[in-house]
Amino acid sequence: MRGIYFDNAASSYPKAPGVGEAMANYIDSVGANISRASYWEATEAGLETLRLREKLCALFGFSHPELAVLTPGMTFGLNQALKGYLKPGDHAIVSSMEHNAMMRPLSQLCAQGVAFDRIPCDGEGLFDPCDVRPLIRPNTRVVAMLHASNVSGGILPVEEVGKICRERGIAFVLDAAQSAGHLGVDFEKLGLSALCAPGHKGLLGPQGIGAMLLKPEFAKQLEPLVAGGTGSRSDSEDQPGLFPDRFESGTLNLPGIYGLSRAIDYIAQMGVGRIHEREMRLCRRFLEGVSDLKDVRVLGPKGLEKRVAVAALDFTKGDNAIAASELERSYGIYTRCGLHCAPSAHKTLGSFPQGAVRFSFGAFNTEEQVDEAVRAVRAVSDSRK
């Protein structure tokens, strides 16, 4: 890559060591589908798929490999969890910081008779868990929210929300797009019904694959969005009820499975805590470097303990898109500018409609790169005075 990459919240780069090699090995040396035959290559691909399910269970404190469902990505998982569960007349609760991967499915469901309320977050993008209780109605069936914001980096109080959901018998769906691989995420401890995660962000794997972990009781109530061939129960034209087949119609992304499996090996070897510590050290260095700039507003929580390694800047004396373009063209700094598919979050943070320039730090960024970014931000800020 020609520039310095600070867009890891969109997709991690570079990937974990060996990811490309593992994917090429499948394509060049295995090549077979799973659940359709018993020759060596098909068996090997099936075993690697099972190994990935078991690795996901170990990573997320989950004990049902058959319910570690492999998806085309994070967005598909949330659509399956929401649209497969909610029915006309049901009510859902979300936060005001949600990504459109959550909000657009809910918007579609609203047209079918589902209602929802947003938990109001403060100017830092956080909320008090007690604010959830007044929103619960007799027909509230699910609380669904992100773990950490892709705009502010703010970490929401999901453990406390999980306790409320358990007390009230309400399903709890977690969007772990910005926490999987960055924070410890324990399915049982958080009291989850479903956890959705992408393979290509903090898990350091390829695009086009994700995971949806389902509590058994929740899985039994989900209607699959996609039906078709699974390699099982081929005598019937009805969708099979066994897991994970019920939610995995068609051919899985096997190159992606091999790549993600290798990436999770790397995360297990390094440790999520160690990766998080390194990323937050870089984030702290960046925020300290730009903290005195009067014409640059940092969105999100002031305390580092309340965020992941995402820092969004609002250049208050000019157009943020122009600032991002200058960072790229003049200094080789790659960021993400705009509304980040999260208009509700930007409205909450007071950065709508102008958006922000987002820096998101990853496992392979360096302190030298962060220092380059700080110098570039300062230069862009100075040029506007």
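The present account deals with the structure reproduced in this document. (Residues numbered from 1 in each chain as written. Predicted model: local features only at pLDDT ≥ 70, side-chain atom pairs only at ≥ 80, totals over all residues. Heavy atoms only, no water.)

1. Some thoughts on the overall build of the chain
Scanning the chain from N- to C-terminus turns up twelve helices and 13 strands. On C-alpha atoms alone, the chain measures out to a radius of gyration of 21 Å, which is about the 21 Å that the 2.2 N^0.38 rule sets for 385 residues. When its C-alpha atoms are laid out on the principal axes, the chain stretches across 70 × 55 × 30 Å. Across the chain, the fraction of contacts at a sequence separation of at least 24, relative to all contacts at a separation of at least 6, is 69%. (Helix = DSSP H or I, 4+ residues; strand = E, 2+ residues; numbered from the N terminus. Rg over C-alpha atoms; globule rule 2.2 N^0.38 Å. Contact = heavy atoms within 4.5 Å.)

2. Focus on the side chain of D314
Mapped onto the elements of the fold, D314 is located in strand β10 (residues 310-315). One polar contact links D314 to N320, side chain to side chain, over a distance of 3.0 Å. Not counting chain neighbours up to four residues away, the residues in contact with D314 comprise D295, V296, R297, L299, N320, Q354 and G355. (Polar contact = N/O pair within 3.5 Å; in protein donor to acceptor, adjacent residues only side chain to side chain.)

3. Comments concerning the nonpolar core
Ranked by size, the top nonpolar core spans 95 residues in total, and within it F60, L86, L106, M145, L195, L214 and F218 carry the most contacts. For this core, the element with the most residues is helix α8 (residues 254-270), which contributes eight residues. Filtering out sequence-adjacent residues up to four positions away, L195 remains in contact with F60, L174, A176, V185, F187, A211, M212 and L213. V290, L313, L327 and V374 belong to the second largest nonpolar core, which has 28 residues in total. (Core = buried A, V, L, I, M, F, W, Y, C linked by side-chain atoms within 4.5 Å. Buried < 20%, exposed > 50% of the residue type's maximum accessible area, 1.4 Å probe, protein only.)

4. What about the packing of helix α9 (residues 272-290) against helix α12 (residues 367-382)?
At a minimum axis separation of 9 Å, α9 and α12 run at an interaxial angle of 25°. Compared by their axis directions, α9 and α12 come out roughly parallel. As for the relative orientation of α9 and α12, their crossing is right-handed in sense. From α9, R281, L282, R285, F286, G289 and V290 reach across to α12, where they touch E367, V370, D371, A373, V374, V377 and R378. (Axes fitted to C-alpha atoms, helices over the stretch in contact; angles between N-to-C directions. Parallel < 35°, antiparallel > 145°, perpendicular 65-115°, else oblique. Left-handed = near helix turned anticlockwise from the far one by under 90°.)

5. Describing helix α4 (residues 100-110)
Within the sequence span of α4, burial applies to N100, A101, M102, M103, P105, L106 and L109. Looking at the packing, one finds that the buried side of α4 touches α3 (74-83), β3 (91-95), β4 (115-119), β5 (140-146), β6 (171-175) and α11 (343-349).

6. A look at a positive patch on the surface
Residues K163, R166, K189 and K215 make up a contiguous surface patch of positive charge. Looking at the secondary structure, you find K189 in helix α6 (residues 187-190). Of the residues examined, K189 reaches a relative accessible area of 51% and is grouped as exposed. (Patch = residues over 30% accessible without salt bridge, like charges linked within 9 Å, V, L, I, M, F, W, Y side chains within 5 Å. Areas by Shrake-Rupley, 256 points an atom, 1.4 Å probe, with all protein chains shown as cover. Salt bridge = Lys/Arg side-chain N within 4 Å of Asp/Glu carboxyl O. Lys, Arg positive; Asp, Glu negative; His and termini not counted. Charge placed at Lys NZ, Arg CZ, Asp CG, Glu CD.)

7. So, the packing of aromatic side chains
When we look at a pair of aromatic rings, we describe it by the centre distance and by the angle of the planes. For the structure on display, the rule yields ten aromatic pairs. On the basis of an interplanar angle of 50° and a centroid distance of 6.1 Å, the ring pair of F6 and F359 is categorised as tilted. Here F6, found in the loop between β1 (4-5) and α1 (19-30), pairs with F359, found in strand β13 (residues 356-360); they are 353 residues apart in sequence, far enough to count as distant. Side by side, F6 and F359 carry an identical accessibility label, which is buried. Each ring, one from F243 and one from F247, has its centre 5.9 Å from the other, and the planes form 0°; the classification is stacked. By relative accessible area, which is 7% here, F247 ends up buried. Across from the ring centre of Y85, 3.9 Å away, lies the NZ or CZ of R141, which sits over that ring. Cation over ring: K347 sits above F352, and NZ or CZ is 4.8 Å from the ring centre. (Phe/Tyr/Trp six-rings, centres within 6.5 Å; stacked < 30°, edge-to-face > 60°. Lys NZ or Arg CZ within 6 Å of the ring centre and 35° of its normal.)

8. As for the pairing of strand β8 (residues 210-214)
Burial runs high along β8: five of the five residues are buried. Where burial is concerned, the two faces of β8 agree: the one with G210, M212 and L214 and the one with A211 and L213 are both buried. Relative to β8, strand β2 (residues 68-71) runs antiparallel, the two being bridged by four bridges. Pairing of L70 across the sheet is with A211, part of β8. (Pairing = 2+ DSSP bridges.)

9. Digging into the pairing of β4
Looking along a regular strand, one sees side chains alternate from face to face of the sheet. Of the strand pairs in this sheet, β3 and β4 are connected by five bridges, and their pairing is parallel. Along β4, the bridge assignment pairs A92 with F116. Crossover connection from β3 via α4 to parallel β4: handedness right-handed. (Right-handed = clockwise from strand over helix to strand, strands pointing away.)

10. Some details on the environment of L52
By the element assignment, L52 lies in helix α2 (residues 40-60). The buried category is assigned to L52, whose relative accessible area is 0%. The sequence separation of L52 and R285 amounts to 233 residues, and the corresponding C-alpha distance is 35 Å. Beyond its immediate chain neighbours, meaning those up to four positions away, L52 contacts L70, I209, I257, L260, S261 and I264.

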